[in-house]
Amino acid sequence: MAQDNRCSSGRSLAVLLSLCFFQFQSAFSGAGEEPLVDSALRPKCDSQFVSVAGGPTNGTFTAPVFENSGGQSVQCVYTFVAAPNQRVEVVFTAFNLRGTPPDGWAIGNLHACIHEYLDVYSEVLQAEAKDLVNSPFGGRYCGDIAPRRRISLYRSVALSFHTDKNFTTADLFAGRYTFFNDTEYQIGNLTGSSPCSFEIHAEAKRQGTIISPTYPGVYPKDLYCSYLFLGKKGQRIRLEFRDFDLFYGGPHCPFDVVKIYDGRTNDSAIIGTYCGQQRNLYIYSSDNEVLVTFETLQRTANTQNRGFKGIFEFSESFVKLDFIVKNDGEHIRGTECDQKILSKKGSNGFVYSPNYPYPYHPKIVCRYFIYGMQDSQNLERVRLEFSLFDIPKGDKGDCSDGYLKIYLKGQETTDSYDKFDHELCGEDTKTSSVVSDGPRLVMIFSSGELQGRGFKAQYIFETEYRVPGTAAPDGSCAFSYQSASKKRGEFNSPRFPGNYPSSTNCTYTFITSINEQVVIIFEQFKVRADSANTSVAQYGFDNCHEDWVEISNLYRDGGVHLIGRYCGATSPGPIESSLGAVGLRIFLRTDAEGVYSGFKARYAFEPAKPMFGDCGQNLSSSDYGVITSPNFPTKYSGPQKGGSRSVCSWFITVRPNHRILLNFDFFFIEGDPPTRGCSAAVIRLWHTLSGLPLEFCGEKPPKDNWQYLSDGNVMKLSFVVADKSVGGEGFRAVWTEVAVAPKTCSEFKCAKNSYCIADNLRCNSVANCGADDSSDEANCKGYAPSKENSSLLLSLGFFLLLRS
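Residues numbered from 1 in each chain as written. Predicted model: local features only at pLDDT ≥ 70, side-chain atom pairs only at ≥ 80, totals over all residues. Heavy atoms only, no water.

A. Spatial organisation of the overall build of the chain. Along the backbone of the chain there are 4 helices and 51 strands. Sorting the 804 residues of the chain into buried and exposed places 52% on the buried side. Contacts spanning at least 24 positions in sequence make up 77% of the contacts within the chain whose residues lie at least 6 apart. Entry remark: accessible area of the chain is about 37000 Å², with carbon and sulfur atoms responsible for 49%. (Helix = DSSP H or I, 4+ residues; strand = E, 2+ residues; numbered from the N terminus. Buried < 20%, exposed > 50% of the residue type's maximum accessible area, 1.4 Å probe, protein only. Contact = heavy atoms within 4.5 Å. Areas by Shrake-Rupley, 256 points an atom, 1.4 Å probe, with all protein chains shown as cover.)

Laid out in structure tokens, this is it:
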């Protein structure tokens, strides 16, 4: 006869009992066949444990013992029935069923447990077989891992043991049961049809226990519970979960979940969503009502979490929140008195101790989270200035009774509350002002047994610039660098290498000592210049309209002389303060539009150089001359070891009413003005002493004309090389004294430019009329230069020989 496994189908208990009874009846009535299982097994197999008045409240149970020589399916039902107003607890002390799952033992897996298993039902509404058909299935177990503790949702728990083995022994499973009063589960007044939805009124119970429906047993699936706490006016509610164990389905708790609402309905603001395991979970309502919901999903019973247990309390003594809301703070829902304050960009306000201006209450802890702005456009820090402070010290004169701890580094993000920066107590404090290291400042106020007036402090959100240097005391973007304090260092635009903030003015002031100059060398430079021409160097008033950097000399009488304005990618060349100046000022201006990464630079205070620097001179009393870079035509070199720059300055002076024409006929200095600027080496040309200099670096194409005419009879040329220079071939420039558009020219008049130059400059093999006018070198056959130019021509001939 084929084996019938319908009893092992995982159906409801009532169906299983009916099927098994049908199998036994068929076996007894078979024509000419012996019964497969002795009829004496059934009454011995099933067991029932009932709580009766005066009877035992606990006991033990073990697996049934019988022989099953035919190896047929046998079902044994253990029923535990509590008395009214009671529940029953079932705990397994031994478990070792002989199931044979295909892929290892699996708790609660219907398909894994085939030959021997135990089904659990802890949501049995009535113990009668006709009512068990609607009992939710609580899980199937085999192997050597016992089901966890079960507590009945109502009054009954049923265990259905199945086997098709030839014999069973008592040590297959064993356990104990306990009948106990269910008062703890009656949280308040039952509402609705759910067995676990309650209203808890402060008038009836000021404090008590909140517990999940079958705690500490495994909680049921497909369940919804609600706990509505209704306090009196002026009261708040405190919940403390001392044990919390729910299935963890992810950070958003999509499966089993506890939700707490700051009001009487689930339309109220939510305090929190919780699942998994929680520790130190304390919840405070903002007002006198709070709703707690507990929801579990319908799914295969493969988890065995126990739920939660905690305490609740209604009280008028919890901290009143008016000290928060009246001062731009926002109460952090769920806490007794924690608050957060968010910047409104440069805003300020006040923070107080609870109950201020009256003495604070004892034994409270309040946290203050003060957040400055932090985004692509803004970065702030928090300045805190105390105007009143009174937290009494303990008996030992320390902060053991009450304190205010201040955290300046945002330690709250890692819960590093033991790493505070200041711990304050007493009637006064030396720490009258503190500044956060970043955009967050946190305070923790803890009161002890002693009461005091507390504290009052002003918070100020100010832009965090992240600039090394001595910051201005008013929090503005102003930084100073004194030679007397530090000879060398670095500085940068705000927040570098991040983007600088918009709508900002920043000033960097460098003050030298006597007989010193300050040198500035830029390492990186990128300042927004939307309207600049990207094909040329981006500096000067014509190009820099959006954001810019200006560099100026500072003088003892308060005078400021601008050196240059820079933007785009055109890094300023190496800059030194003038000999008569007391230092330099660098000014960064940004508008309200887009932002770039800004700049990074270094400074050095060094002994002042002579007027002409390392290799320059004064040029006058001549009709023309030639200026070359050091070592030309070989590569120029950088400064001597230990120096940050080398400088050569030439001052050219011609006769009154004459001007200077300067023509670069060769130019190759490292750098590229349109793309990266002249940070390693630069030529500065002052063609007018009252205006801004022109700056040059890069390479002059052979066919390009680079010539410049002074506004008056004086011109200055300066060549500065930074210590990061790798060298280049340098430059050669010819200067010529010219008269521009004179009424009469008694000497040589240039054909194209109409310049009047000295007659003896004609046919000297130098383009003194300019790069685009060769008339002074035309028709020179048979022309003999004057004696005074013969030595100069010899020098030029020697130079041309070297170049060839």
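B. Layout of the pattern of salt bridges. The full count for this structure, using the stated rule, is 33 salt bridges. With its nearest N and O atoms 3.2 Å apart, the salt bridge here joins Arg-206 to Glu-316. Here Glu-316 lies in the loop between strand S19 (307-315) and helix H3 (322-325) and Arg-206 lies in the loop between strand S11 (197-201) and strand S12 (207-211), a separation of 110 residues in the sequence. The exposure class assigned to Glu-316 is partly exposed, which follows from its relative accessible area of 36%. Ionic pairing is found between Arg-528 and Asp-530, a salt bridge with its closest N-O pair at 2.8 Å. Linked through salt bridges whose partners overlap, the residues forming this network are Arg-488, Glu-576, Glu-606 and Arg-645. (Salt bridge = Lys/Arg side-chain N within 4 Å of Asp/Glu carboxyl O.)

C. Region of interest: the pairing of strand S29 (residues 454-463). In this structure, strand S22 (residues 348-352) lies alongside S29, joined through 5 bridges in antiparallel fashion. Looking across to S29, one finds that Val-351 is bridged to Ala-457. With 10 bridges joining them, strand S24 (residues 380-390) and S29 adopt antiparallel strand pairing. Residue pairing for S29: Phe-389 is matched across the bridge by Phe-455. (Pairing = 2+ DSSP bridges.)

D. Structural context of the state of the cysteines. Going through the model one piece at a time under the given rule, you end up with 13 disulfides. Sulfur-sulfur distance for the disulfide between Cys-544 and Cys-567 comes to 2.1 Å. Handedness of the Cys-544-Cys-567 disulfide follows from its S-S torsion of about -85 degrees: it is left-handed. Taken together, the residues Cys-544 in the loop between strand S34 (516-526) and strand S35 (548-554) and Cys-567 in the loop between strand S36 (560-566) and strand S37 (575-576) connect sequence positions 23 residues apart. In terms of burial, Cys-544 and Cys-567 fall into one category: buried. Sulfur-sulfur distance for the disulfide between Cys-678 and Cys-697 comes to 2.1 Å. On the S-S bond that ties Cys-678 to Cys-697, the torsion sits near -75 degrees, and the link is left-handed. With a gap of 19 residues between them, Cys-678 in the loop between strand S43 (659-669) and strand S44 (681-686) and Cys-697 in the loop between strand S45 (694-696) and strand S46 (698-699) connect regions that are remote in the sequence. For the pair formed by Cys-678 and Cys-697, the shared burial category is buried. (Disulfide = S-S within 2.5 Å.)

E. Examining the sheet that holds strand S31 (residues 478-482) more closely. Taken together, the 6 strands give an open sheet; going across it, the order is S30-S31-S33-S38-S35-S36, and neighbouring strands pair in mixed fashion. The sheet terminates laterally at strand S30 (470-471) and S36, the two strands that pair on one side only.

F. Looking closely at the sheet that holds strand S14 (residues 236-245). In spatial order, the strands read S12-S19-S14-S17; together these 4 strands make up an open sheet with antiparallel pairing. A strand with exactly one partner marks an edge of an open sheet, and here the two such strands are S12 and strand S17 (281-284). Mean inter-strand twist for the sheet, computed between neighbouring axes without regard to direction, equals 20 degrees. Pairing geometry for S12 and S19, over 5 bridges, is antiparallel. The residue of S19 that forms the bridge with Ile-211 is Lys-309. (Axes fitted to C-alpha atoms, helices over the stretch in contact; angles between N-to-C directions.)

G. Spatial organisation of the packing of aromatic side chains. Summed over all chains, the structure comprises 64 aromatic pairs. Their ring planes at 55 degrees and their centres at 5.0 Å tell us that Phe-667 and Trp-706 sit as a pair that is tilted. Taken together, the positions of Phe-667 in strand S43 and Trp-706 in strand S47 (residues 706-709) put the pair 39 residues apart, joining distant regions of the chain. With a relative accessible area of 1%, Phe-667 lands in the buried category. Look at Trp-706 and you get buried, because its relative accessible area is 16%. Aromatic rings pair up to connect Tyr-465, Phe-479, Tyr-481, Phe-491, Tyr-508, Phe-510, Phe-522, Phe-525, Phe-599, Tyr-603 and Phe-605 into one cluster. It is Arg-98 that lies over the ring of Phe-167; its NZ or CZ is 5.2 Å from the centre. The aromatic ring of Tyr-117 is capped on one face by Arg-140, whose charged end is 3.8 Å from the ring centroid. (Phe/Tyr/Trp six-rings, centres within 6.5 Å; stacked < 30°, edge-to-face > 60°. Lys NZ or Arg CZ within 6 Å of the ring centre and 35° of its normal.)

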